Amino acid sequence: MRNSTNTKTTHPALIFWIVAGWVGFLLLPWYGVEDGILSFEWLIDGYPFDEDYAPAAFLIAQGEKLWLAPLLLPLALSLAALGRPKSDPLYAKILILTGALGFGWLTAQGFGIGIRGFNFEWLKALFGELGDRQFGMGLGAMVLASAFLFIFTQGVAARGAINGDVFVVSAIGGVIVIVTTFVFFPIAKMLLAAFVTEEGSYSVGVFAAKFFDDRLWGLGCLSGGRCGVAWNSLFLAVLVGLLTTVLGLVFALVVTRSGFRYKRALRALTVLPIITPPFVIGLALILLFGLSGAVTQFISDLFGVQPTRWLYGLPGILIAQVLAFTPIAFLVLIGVVEGVSPSMEEAAQTLRANKWQTFRTVSLPLMRPGLANAFLLGFIESMADFGNPLVLGGNFDVLSTEIFFAIVGAQYDQGRAAVLAMVLLFFTLSAFYAQRAWLGKKSYTTVSGKGDAGVHPMMPNGLSIPVFVIAGAWGLFTIVIYGMILYGSMVELWGVNNTLTFKHYVTAFSVRIEDSGIRWTGAAWDSFWTTIYIAAAAAPLTAVVGLITAYLLTRQTFAGKNAFEFGTMLSFAIPGTVIGVSYILAFNVPPIEITGTGLILIISFIFRNMPVGVRAGIASMSQLDKSLDESSLTLGANSWQTFRKVILPLLRPAILAALVYSFVRAMTAISAVIFLVSAEYDMATSYIIGRVENNDYGLAIAYSTTLIFVMLSVVGVMQLIVGRTEIGRRMSQSRTNV
């Protein structure tokens, strides 16, 4: 049945992309407009003859930007494929040639011509001075580039790649291009700085001198001194990865395998740290355990001991990071624990295994993909985090803070920052491959196309007692932390004048009702609405890209699959500080000139947070039997229909994890935002940092507290919209009580 489509002479997808290509060339502004890519004010502002808004065809007709004229050739050539059957060898050749020529020329002219004419001396020597310049690509160029890309992928599919599946080939091609553009390209541009000398040339010696620095690899801690920042970071990340995975599993078991009556409250409590700006948790810890902290002073008065600065260094960073990153492990593990087939556990009990044996030999081994992914994400988050070490680090230096100070400090040494980033990348990728080796090639499938009427068994008593003790203690500690944050937002001057007041909230979020309508008079409203807009735009795009990528990695086999997976994880392994600086270096000049716009913030959030959607999707899809896909394809559905109607409905926990995580991280991100915000697009965290720098702690904490309540509401709404996955048909009594 599928082969019969090869005789068709009408190809809707091909027609769509050919039409889109002509629209991009003939009708849409070729270069970027100041109002943004989604603004259409250009329609009434000199379009189509004004050079700032003109489509490529009008620019060429006016004798401007003549290097765009060769794009007409592949556009015209694409029309020759219409009317030909897919089985015609010429059909595939035309599409591949068209796509390669068009996309290749677009890329070549984009990088070859810059803001001062030709970018390369050999082009100047060959053609002379250009006498013209290039601007950043706009809507027309983006649409035409997409058209050439997907025309090319349809040609590759027509030649039989991946069984001729257009959706899969197009998805692979699309992900490769966007990951290359927004991950590999900016990071490569940043890392090249590791080899740049003061004269601007490249030297391996410069790299070696910075790489073998004793401050980076020193082992002075073995003799009572200080260890290098690389070893500090590695030790901290391993501890954080292990502790967050254990705590994430504990909370997942309480929610899914116990009769605990307040599961919804527990879910909200576990999510709290992830929706909090990191430095706020650090400040709350200082208020509790710092030299003048409430707990420190209480113990000092009670036992007559001298207060110490024990919090600053490894203990403080470890507590803050475990508190901040445990929710990531929980979000990954909750779907995996729910996804274990109840029938398999019931079968073990039928064979006279007790609850503990069932959990240890059946349930826990099937959770290995989730455990491995939770550890990996905790490890990488610890490596990349710089907010908590910045506040609580003391003399315990880590790679992320060293990178930060190398870039924004007085030294401004991009080369050193690049070397440190390469070391950090080595550690995170080593963890990635260690995770793959631990999982091996075993199957963790638990959900097949057959009905499953089972109910998850409760935890064995020997496990439930320590699980509840740990969950209770950590939950109580979290409540205390957030109580201090709420208290700090309502005092006159934190730590000095503890008179209760709401003035910080009034200053930030006051509203005035006038005849003309509502006026948002508070000082924080502009950054608040901008943050909501950016986060709401980035979250669904992050989930879409992440889950499609996970589908390709778990359901398809193709050449370069390992490199493909490596690319999707790369941005997560690099600190946000480096991401921010690399984006400025890469996207401050043509061909992609988006610095200072809201688009660069959205893109940075998509590719910074995409790996969470990928890892959550992989963990959940590992439990879905491939017979589900095969059955759908056998019944005549294509891969796109199978993905949309069969796979996605079974991935609700993964979808929720991707949506929640990407939204809240966009709301609370600090490191990359510092470099990418502008006067027009000021984010909440940059505004809060500005208040902290001005010693206005009350307003900063009040703003942070408001963000926490806003994001809690959004997370709850997302939970209702996405729903949950029910594997068993029977609902246990404990679940109906929740």
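Residues numbered from 1 in each chain as written. Predicted model: local features only at pLDDT ≥ 70, side-chain atom pairs only at ≥ 80, totals over all residues. Heavy atoms only, no water.

### Notes on the overall build of the protein chain
Then step 1. On a plain count of helices and strands, the protein chain comes out with 33 helices and 6 strands.
Then step 2. At 28 Å, the protein chain has a C-alpha radius of gyration in line with the 27 Å of a compact globule built from 738 residues.
Then step 3. The principal-axis extent of the C-alpha atoms belonging to the protein chain is close to 85 × 70 × 65 Å.
Then step 4. Counting over 738 residues, the protein chain shows a buried share of 53%.
Then step 5. Partitioning the intrachain contacts of the protein chain with sequence separation of at least 6 by distance along the chain shows that 75% fall at a separation of at least 24.
Then step 6. Side chains of the protein chain carry 46 positive and 41 negative charges; the gap between the two charge centres is 16 Å. (Helix = DSSP H or I, 4+ residues; strand = E, 2+ residues; numbered from the N terminus. Rg over C-alpha atoms; globule rule 2.2 N^0.38 Å. Buried < 20%, exposed > 50% of the residue type's maximum accessible area, 1.4 Å probe, protein only. Contact = heavy atoms within 4.5 Å. Lys, Arg positive; Asp, Glu negative; His and termini not counted. Charge placed at Lys NZ, Arg CZ, Asp CG, Glu CD.)

### Brief notes about the pattern of salt bridges
Then step 1. Tallied over the entire structure, the rule returns 14 salt bridges.
Then step 2. One network of salt bridges, in which partners are shared, links D213, R215, R226, D397, E402 and R416. (Salt bridge = Lys/Arg side-chain N within 4 Å of Asp/Glu carboxyl O.)

### Concerning the side chain of S170
Then step 1. Looking at the element boundaries, S170 is found in helix α7 (residues 166–191).
Then step 2. Its relative accessible area of 12% is what places S170 among the buried residues.
Then step 3. A distance of 2.8 Å separates a polar atom in the side chain of S170 from the backbone oxygen of V166.
Then step 4. Ignoring anything within four residues of it in the chain, the contact list for S170 reads F150 and T153. (Polar contact = N/O pair within 3.5 Å; in protein donor to acceptor, adjacent residues only side chain to side chain.)

### Considering the environment of Y91
Then step 1. Position of Y91 relative to the elements: it lies in helix α4 (residues 89–112).
Then step 2. Residue classification places Y91 among the buried residues on the basis of a relative accessible area of 1%.
Then step 3. With 67 residues separating them in the primary sequence, Y91 and A158 have C-alpha atoms 7.7 Å apart.

### Brief notes about the packing of helix α14 (residues 314–339) against helix α29 (residues 652–668)
Then step 1. Between α14 and α29, the shortest axis-to-axis distance is 9 Å and the interhelical angle comes to 170°. In terms of their interaxial angle, α14 and α29 are classed as roughly antiparallel. Of the residues in α29, those in contact with I328, L331, G335 and E338 of α14 are P653, A657, V660 and Y661.
Then step 2. Partitioned by chemical class, the residues of the contact of α14 with α29 number 6 nonpolar, 1 polar and 1 charged. (Axes fitted to C-alpha atoms, helices over the stretch in contact; angles between N-to-C directions. Parallel < 35°, antiparallel > 145°, perpendicular 65-115°, else oblique. Nonpolar A, V, L, I, M, F, W, Y, C, P; charged D, E, K, R; others polar.)

### Quick word on the confidence of the model for the protein chain
Then step 1. The predicted model of the protein chain averages 83 in pLDDT, with 91% of residues at 70 or higher.
Then step 2. Across residues 1–7, where pLDDT falls below 50, the model places 8 contacts with residues more than four positions away in sequence or in other chains. (pLDDT = per-residue confidence, 0-100.)

### Notes on helix α26 (residues 598–621)
Then step 1. Counted at 1.5 Å a residue, the expected span for α26 with its 24 residues is 34 Å, and the 33 Å between its end C-alpha atoms agrees.
Then step 2. Its axis deflected by about 40° at N609, α26 carries its strongest bend there, up to four residues before the proline P611.
Then step 3. With 23 of its 24 residues buried, α26 lies for the most part within the structure.
Then step 4. A side-chain oxygen of the first residue of α26 lies 3.4 Å from the backbone nitrogen of L599; this N-cap is T597. (Expected span 1.5 Å × (residues − 1). Bend = angle between axes of the 7 residues up to and from the residue.)

### What to know about the environment of T595
Then step 1. Looking at the element boundaries, T595 is found in the loop between α25 (576–587) and α26.
Then step 2. For T595, a relative accessible area of 31% translates into the label partly exposed.
Then step 3. Ignoring anything within four residues of it in the chain, the contact list for T595 reads Y583, I584, F587, N588 and I600.
Then step 4. At a separation of 2.9 Å, a polar atom in the side chain of T595 contacts the main-chain carbonyl oxygen of F587.

### Quick word on helix α28 (residues 639–647)
Then step 1. Those residues of α28 lying buried are S639, T642, F643 and I647. Looking straight down α28, one finds its buried side chains confined to an arc of 100°; they lie on one side.
Then step 2. Where the residues of α28 are buried, they touch α7, α23 (525–555), α26 and α27 (627–634).
Then step 3. Between the side-chain oxygen of the N-cap and the backbone nitrogen of W640 there are 3.1 Å, and the N-cap of α28 in question is N638. (Arc of directions from axis to C-beta.)

### Some points on the pairing of strand β5 (residues 511–514)
Then step 1. With 4 bridges joining them, β5 and strand β6 (residues 517–520) adopt antiparallel strand pairing. Opposite I513, over in β6, you have I518 as the bridge partner.
Then step 2. Remark: 2 residues form the turn of the hairpin made by β5 and β6, two consecutive strands paired antiparallel. (Pairing = 2+ DSSP bridges.)

### Section: the environment of V578
Then step 1. Following the sequence through the fold, V578 ends up in helix α25.
Then step 2. Along the primary structure V578 and Y482 are separated by 96 residues, whereas in three dimensions their C-alpha atoms are 30 Å apart.
Then step 3. Beyond its immediate chain neighbours, meaning those up to four positions away, V578 contacts M190, I403 and A421.

### So, the packing of helix α10 (residues 229–256) against helix α17 (residues 368–384)
Then step 1. The geometry of α10 relative to α17 is characterised by a closest axis approach of 7 Å and an angle of 140° between their N-to-C directions. When the interaxial angle is binned, α10 and α17 end up oblique. Relative to α17, the crossing made by α10 is right-handed. Residue-level inspection shows S233, L234, L236, A237, V238, V240, G241, L242, T244, T245 and L249 of α10 in contact with α17, the latter providing L371, A374, F375, G378, F379, S382 and M383.
Then step 2. Considered class by class, the residues forming the contact of α10 with α17 number 12 nonpolar, 6 polar and no charged. (Left-handed = near helix turned anticlockwise from the far one by under 90°.)

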